[in-house]
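Report on the structure
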Amino acid sequence: MFVSERECKECGKSWKYLFARYTLSEQNIKNTFLPTVNSVSCLCSVCAERHVAVLTLQPNWTQIFIGETVTMRCDIQGGGDSDWNYRWYKNSQLVIPFNTKTEYRISPVYMSNSGSYTCEGVKGNKFSKTSEAVQLKVSGKPKAVLSVSPQWLNPGDSVALNCEVDKTSTAWRFSWYRTVPYRAGLPSLSDKSYSLQPLSENVTSEDSYTLIPAGPTHTGGYVCRAGRGDPVYDTHYSEPQFLWSGDLQPSVFLRISPNTTQHFRSKSLSLSCELKGNSTGWRLMRYTERGVESGCVSNWGSITGSTCTIRSTYTWHSGVYWCESGSGEYSNAVNITVDAGNVILESPVHPLTEGDSVTLRCKYRTTSSNIKADFYKDGVLIKNETTGEMTIPAVSKSDEGFYTCKYPDKGESPESWMTVRAVAPGSSTPVLVGVVVGLVVAGVLLVILLVLLWRFKNAKGSCFNRILLHPQTQSTNQDPQQDQGSTQGQAPDAVYTRLQHGGGHVYDTINPSDNYNNDASVGPSHLTYAQIQLTKLDKKNNEKPADPKESPVYSEVKTGKATKDQSQEEEKQPHLRQIQSILN
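To start, this report covers the structure provided alongside it. Bear in mind that the values here come from a model prediction, so they are computed numbers and not experimental data.

What follows deals with the pairing of strand β15 (residues 159-164). Taking every second residue as pointing to the same face, the buried face of β15 carries V159, L161 and C163, while none of A160, N162 and E164 on the other face is buried. Note that strand β14 (residues 145-149) and β15 share five bridges and pair antiparallel. Paired with L146 across the bridge in β15 is C163. As defined by bridge partners, β15 adjoins strand β18 (residues 208-211) across four bridges and the pair is classed as antiparallel. When the sheet's bridge partners are listed, N162 is paired in β18 with S208.

Take the state of the cysteines next. All told, the structure shown has five disulfides when counted by the stated rule. Each disulfide pairs two cysteine sulfurs, and for C296 the partner residue is C308, the sulfurs being separated by 1.9 Å. Handedness of the C296-C308 disulfide follows from its S-S torsion of about 65°: it is right-handed. With a gap of 12 residues between them, C296 in the loop between β26 (291-294) and β27 (302-304) and C308 in strand β28 (residues 307-310) connect regions that are remote in the sequence. For the pair formed by C296 and C308, the shared burial category is buried. Across the disulfide, C362 is cross-linked to C405 (sulfur-sulfur distance 2.0 Å).

Let us now look at a nonpolar patch on the surface. A surface patch of nonpolar side chains, about 540 Å² in accessible area, is lined by V440, V441, V444, L445, I448 and L452. Mapped onto the elements, V441 comes out in helix α1 (residues 429-461).

Attention now goes to the pattern of salt bridges. Side-chain pairs of opposite charge can arise whenever the charged atoms involved come near each other. For the structure shown, the criterion picks out 13 salt bridges. The salt bridge partner of D378 is K377, with a shortest N-O separation of 3.1 Å. For D378, a relative accessible area of 42% translates into the label partly exposed. The class for K377 is buried, based on a relative accessible area of 17%. What you see here is one network of salt bridges that share partners, running through R73, D75 and E103.

Quick look at the environment of D157 now. One can find D157 in the loop between β14 and β15. D157 gets classed as partly exposed once you look at its relative accessible area, which sits at 36%. Each C-alpha atom of the pair D157 and P213 lies 5.6 Å from the other, and the pair is 56 residues apart in sequence. In this view, D157 contacts L211, P213 and A214; residues no more than four positions away in its chain are not counted.

Criteria and thresholds
Residues numbered from 1 in each chain as written. Predicted model: local features only at pLDDT ≥ 70, side-chain atom pairs only at ≥ 80, totals over all residues. Heavy atoms only, no water. Buried < 20%, exposed > 50% of the residue type's maximum accessible area, 1.4 Å probe, protein only. Helix = DSSP H or I, 4+ residues; strand = E, 2+ residues; numbered from the N terminus. Pairing = 2+ DSSP bridges. Disulfide = S-S within 2.5 Å. Patch = residues over 30% accessible without salt bridge, like charges linked within 9 Å, V, L, I, M, F, W, Y side chains within 5 Å. Areas by Shrake-Rupley, 256 points an atom, 1.4 Å probe, with all protein chains shown as cover. Salt bridge = Lys/Arg side-chain N within 4 Å of Asp/Glu carboxyl O. Contact = heavy atoms within 4.5 Å.

Dropping the structure here:
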């Protein structure tokens, strides 16, 4: 036992020692003793200048999760870095009596490693002061939590994905994924309901990810995961969260019958995936309080072709339903509510567009006829004591909101959200431009048609007036055959401008049209000839032409298909070809 304390010169002036009377029963001091002086030993066990041990935890996180790696480091302040050995204590119990390294590494850490840790240094016969305690708290492996806002797609808007881990933990980096039907070889959820495709190759330190702008191709499921440390320690994947659209999609759409969002319990409900394109592998999906389920399984319906029929609805059938293809395409989604009460509101399944007409109907379970009901929008009465229906002739964006109806003394329906799509400012411009362009084109075509008709009429009425006048030496009193033959040596455009008198027959050569083709082989299939018979003028009346009424001129016109001889003759005289067009 300790009896006194005094200066011990044998050990050095800078040390203070405790003296104890040495007995076998009290031999509990393990330090080296100095030589005995009068049966009193001088113990070098207490030093006024002892070094201090400092324990640190790396990484310095307040929350450590099972599976991570932790390292404890014991530093001796002012004692240098060499020649020290280290002792490690957990909850004041020695766990490592001798270690030459300054670090104590636990990998992986388990919940059983939780506790209060201390350390001290040993250097020969010197001992450092024991470090302050460091608390190690180990928790179960965390699971990331994902939220999507908004969850129903508004075209053109931004959609924010937010990922969160235990709020007391820090230093996380985040990865973002989109769900696809299960495929071997891809990262997948534990239940293999979906495989995962990264949205980005980069891991972000931000706990949010934004889809800008969101469109129909963004509908689907999303998952996030967080990781930290080196080597990287990952959390569990989050539960998938979905971005839905109520708008009809080009590949497939979901049709439900009865066509309303609210349904009474114990009624039949049919859902059909109706294909529009060439996509295959479509399956019906639903998201309820129990999570996401695929297919029309036996515990909630039966399938015939592409139609799933729920024979008797229950409240747990409430949820969001959609169709999903084998390539990850999504149809429109429908939020279905099955209510155990006596009143439901029949409202549109799909979003409306400004200007559409809509009728809301309040239904009572045991009454098929309409009875008086009150209608509410966002909790405010908008129409009371109606016949059970409320019609909005032309909806606007201000009509969007939650609607309910109430039968006095009978109950109130659940809320139903009615979506109204605003008409984009420039959406009517293409239609207007199309109408204007169509009118302009029609006007131009009409003008062209009128000009062509006018030219055709003018050409037909003045055909004979387009004969060119060229003075020629003309032959009279010739035999018709000789006269015809005399033209063979003339140019095709020879013109005789006046009927010559004096012979029994007079012929007039008609100028070919402007569009005359010198190719004589191309001619009409028949020709028309005119033979004009004139009487000779009386010498007495030679100075004054006879009155047409008194001395008329007769013409005999013969029509018919040209003979071979006539065709040959026409080849020699191509200008006669124009007679047909003139007479027609």
